[in-house]
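The residues making up each chain are set out below.
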Amino acid sequence: MVGKQDTEPEENMSDIESFKQEQRVFDPPADFVANAAISGMDAYRAMCAEAEEDYEGFWARLAQQNIQWTKPFTKRLDASNAPFYKWFEDGELNVATNCLDRHLTNGNADKTALIFESDDAKVSSVTYRELYERVCKFANGLKSLGVQKGDRVVIYMPMSIEGISAMLACARIGATHSVVFGGFSAKSLQERIIDAGAVAVLTADYQVRGGRQLPLKAIVDEALDMGGCDTIRKVIVYQRTGADVNFNKDRDLWLHDLVDGQKAECEPVPVGAEHPLFILYTSGSTGKPKGVQHSSGGYLLWSMLTMKWSFDIKPEDIYWCTADIGWITGHTYVTYGPLACGATQIVFEGVPTYPNAGRFWDMVQRHKISIFYTAPTAIRSLIKASEADPKTHPREYDLSSLRLLGSVGEPINPEAWMWYYKNVGGERCPIADTFWQTETGGHVITPLPGATPMVPGSCTLPLPGIAAAVVDDAGHDLPNGKGGLLVIKKPWPSMIRNIWNDPERFTKSYFPQELGGTTYLAGDGAIRNEETGYFTITGRIDDVLNISGHRLGTAEIESALVANPIVAEAAVVGKPDDTTGESICAFVVLKRTRPEGDDAKAIAKELREWVAKEISPIARPREIRFGDNLPKTRSGKIMRRLLRVIAKDEEITQDISTLENPAILEQLKQAQ
Ligand code: PRX
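Criteria and cut-off values
Residues numbered from 1 in each chain as written. Predicted model: local features only at pLDDT ≥ 70, side-chain atom pairs only at ≥ 80, totals over all residues. Heavy atoms only, no water. UniProt positions renumbered as here; feature names shortened; annotations may be inferred. Helix = DSSP H or I, 4+ residues; strand = E, 2+ residues; numbered from the N terminus. Core = buried A, V, L, I, M, F, W, Y, C linked by side-chain atoms within 4.5 Å. Buried < 20%, exposed > 50% of the residue type's maximum accessible area, 1.4 Å probe, protein only. Contact = heavy atoms within 4.5 Å. Near = heavy atom within 4 Å. Polar contact = N/O pair within 3.5 Å; in protein donor to acceptor, adjacent residues only side chain to side chain. Areas by Shrake-Rupley, 256 points an atom, 1.4 Å probe, with all protein chains shown as cover. Nonpolar A, V, L, I, M, F, W, Y, C, P; charged D, E, K, R; others polar. 1 Å grid on protein atoms, 1.4 Å probe; cavity = no way out; pocket = protein on both sides within 12 Å on 5 of 7 lines; lining within 4 Å. Points joined across faces, edges and corners; volume = space filled by probe spheres on them. Expected span 1.5 Å × (residues − 1).

A. Broad picture of the UniProt feature "domain: Acetyl-coenzyme A synthetase N-terminal" (unreviewed entry) in the protein chain. UniProt's entry tags residues 44–99 with the feature "domain: Acetyl-coenzyme A synthetase N-terminal" (unreviewed entry), counted in the numbering of this structure. Span residues 44–99 is 48% helix and 11% strand, its end C-alpha atoms 27 Å apart.

This is how it looks when you write it as structure tokens:
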């Protein structure tokens, strides 16, 4: 069976029902349609038909039109070793020149590329020419240290012009970057450095978020001190705050010293279209995070196309995607897509609630932002905050510059959608509810803002050429109205190419034999509307949780818990949460007797902090319940479906006849 091994699909049915009943339809505003790159449903259908008729020709045409190739490709799709698909394989390009150099000669050289706003609202900006020079100096610096094509470089940096420059500097010399989100722990960082075999870490002394200085360099030191990172030759440190850090003279180097005196031009290294631009680690259903490997050509193409299709990007737009570069959204929709398209964008260092929950709206007003792209979890928390503090409500700000809104990372519930549409978008901005994943490289199912009638809570229809479908466990198409597995039946240019170091896991996770071995399994459930065929995502079908739009594997959290010497066994499940989408509930058996009362509280606190330190504060369980044991089948398998019900404080109505130790359920229900 594909997906959760011990879960009943019925669990999600109540949500599915509420989505099915959503009747409201919002047409894109007429003036938006009139000026949109893809204008009206007929234009969308014509593109779908073109892709249908000549699938490879469609992508080849777009790849020729959008990318500057140093060597044109003659091959389009190579499916001979499916599912290890290759696109435009014999073509050569440099992704950084596509993001920078092209703008030096197309009239964009003096256009603002990045407007950086720090946590304490200091604003600075760079033009395309200035960014080009910074990246070239950075790239020359890396070269001077011997970093070369094919090397892996870990980037552990805050949201900053330097962080984006670091990614582009790697791309310029053909090094494969692996950005690790600045919230990850030393242990998580160490694991990623080792798996990637990185030669250098690019970091900062500190990051500043919500008025606090948080260490980065010290965490890099801790990660490297843990051992096993023998491939690392250098640690390059961007001085963000200037506060004290330890410095190992043989290994560490300030970024300003590295770039000082470097030439502002750096010959780009051409790479093959399939050359890995980056590896980005993400959670799967088993313990270790997977290094999702992306290409250069197909990935770049997708980042550009979706900027144009889903965001209708125009030269005069002021664009803001609030994601961090540590996530795929920050890769595609902060670094690569907007820059390749010559956009002007905001890069924000801070958090949405500092100095107060009006920060986003204040920034939209001050910078006259026209396209705003954020996560449902942020919207939901700002709804709550604006109820508590009406001064932070969007109506208190002039948001008239906005023309398009986007949502990403998790299902947006219809209530949050409506609030966003009315209060932020003033009922005049389409909302692109973009469904995609680290593995898809960019949007795959989303409304087109100048074409698709929107339904709150539905990501609507696939992009042209995306063969999305809903199938059963055996890969058979399901009729509209019936929930099943979300799959994509044909390869597309920006799809994941491999799991770094683990091709077997790649084929098993994404192209299971049960579905024929060449169909992409997204790992989400979906249902299509009976009349419109619109897709609604019903949640993950594997043991992956989505906490505030961040992806975490239950197995990862469990192994962190059992790594604590006092823990004998742990099972982690997700519990629905109004703000964060899901929250983490851990059931724990200790090696000693089951704690109660204040003792239980103290140990729960200790374990919560332990997980935060082992993985990241994002992974800190909201709730920990202790039992003498966990509910298991006679064969010893933990019955997570029962734990999910207990976590929700609901009555167990499911069949428990295979349960070895029914008495344990009562204990876990009480154990709060
Ligand atoms: O469950 C889906 C959810 O986020 C997962 C992908 O997470 P990640 O790889 O971290 O990428 C997040 C940014 C693209 C998906 O498997 N997801 C993402 N976008 C949506 C969504 N669920 C519903 N609607 C969306 N728009």
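B. Seen up close, the nonpolar core. Grouped together as the largest cluster of nonpolar side chains are 166 residues, with contacts concentrated most on Trp 59, Leu 131, Leu 202, Trp 309, Ile 557 and Val 588. Here this core gets nine residues from one element, more than from any other, and that element is helix α7 (residues 161–173). In this view, Leu 131 contacts Leu 100, Ala 113, Leu 114, Val 126, Ile 161, Ser 165, Leu 168 and Leu 339; residues no more than four positions away in its chain are not counted. Ile 318, Trp 320, Leu 402 and Ala 416 belong to the second largest nonpolar core, which has 32 residues in total.

C. Seen up close, the site of the ligand. Every one of the 17 residues lining the ligand counts as a neighbour, but Asp 433, Thr 438, Asp 524, Arg 540 and Arg 551 are closest to it. Between Glu 410 and the ligand, the recorded distance is 3.4 Å, taken from a backbone N or O atom to a nitrogen atom. A distance of 2.8 Å separates a nitrogen atom of the ligand from a polar atom in the side chain of Asp 433. Contact with the protein chains hides 95% of the accessible area of the ligand, taken as 540 Å² for the molecule alone. Put simply, the parts of the chain that give the shell around the ligand at least two residues each are α12 (328–340), β20 (431–434) and β25 (535–540). When grouped by side-chain class, the residues that make up the shell around the ligand number six nonpolar, six polar and five charged.

D. Structural detail: empty space enclosed by the protein. Within this structure, the stated rule accounts for one cavity of 30 Å³ or more. Each pocket or cavity is described by its volume, and for the largest cavity that value is around 50 Å³. Forming the boundary of the largest cavity are Asn 94, Val 95, Ala 171, Gly 174, Ala 175, Val 271, His 275, Pro 276, Leu 277 and Ser 296. Looking at the lining of the largest cavity residue by residue, the class counts come to six nonpolar, four polar and no charged.

E. Looking closely at helix α4 (residues 55–66). Compared with an ideal rise of 1.5 Å per residue, which puts twelve residues at 16 Å, α4 spans 17 Å between its outermost C-alpha atoms and is within 8% of the ideal. Those residues of α4 not exposed but buried are Tyr 55, Gly 57, Phe 58, Trp 59, Ala 60, Leu 62, Ala 63 and Asn 66. Here the buried face of α4 lies against α3 (41–53), β2 (86–87), α5 (95–99) and α11 (297–309).

F. Quick peek at the UniProt feature "binding site: ATP" (unreviewed entry) in the protein chain. Here the UniProt feature "binding site: ATP" (unreviewed entry) sits at Gly 409, Glu 410, Pro 411, Asp 433, Thr 434, Phe 435, Trp 436, Gln 437, Thr 438, Asp 524, Arg 540 and Arg 551. In this fold, Thr 434 is placed in strand β20. According to the relative accessible area criterion, Thr 434 is buried, its value standing at 3%. Once residues lying within four places of it in the same chain are set aside, the contact partners of Thr 434 are Phe 311, Tyr 373, Ser 407, Val 408, His 443, Ile 445 and Thr 446. Among the polar contacts listed, one links the side chain of Thr 434 to the side chain of Tyr 373, at a separation of 2.7 Å. Structurally, the position occupied by Arg 551 is in strand β27 (residues 550–553). When neighbours within four sequence positions are excluded, Arg 551 is seen to be in contact with Thr 282, Ser 283, Lys 290, Gln 437, Thr 438, Glu 439, Arg 540, Val 544 and Leu 545. A distance of 3.3 Å separates the side chain of Arg 551 from the side chain of Thr 282, its partner in a polar contact.

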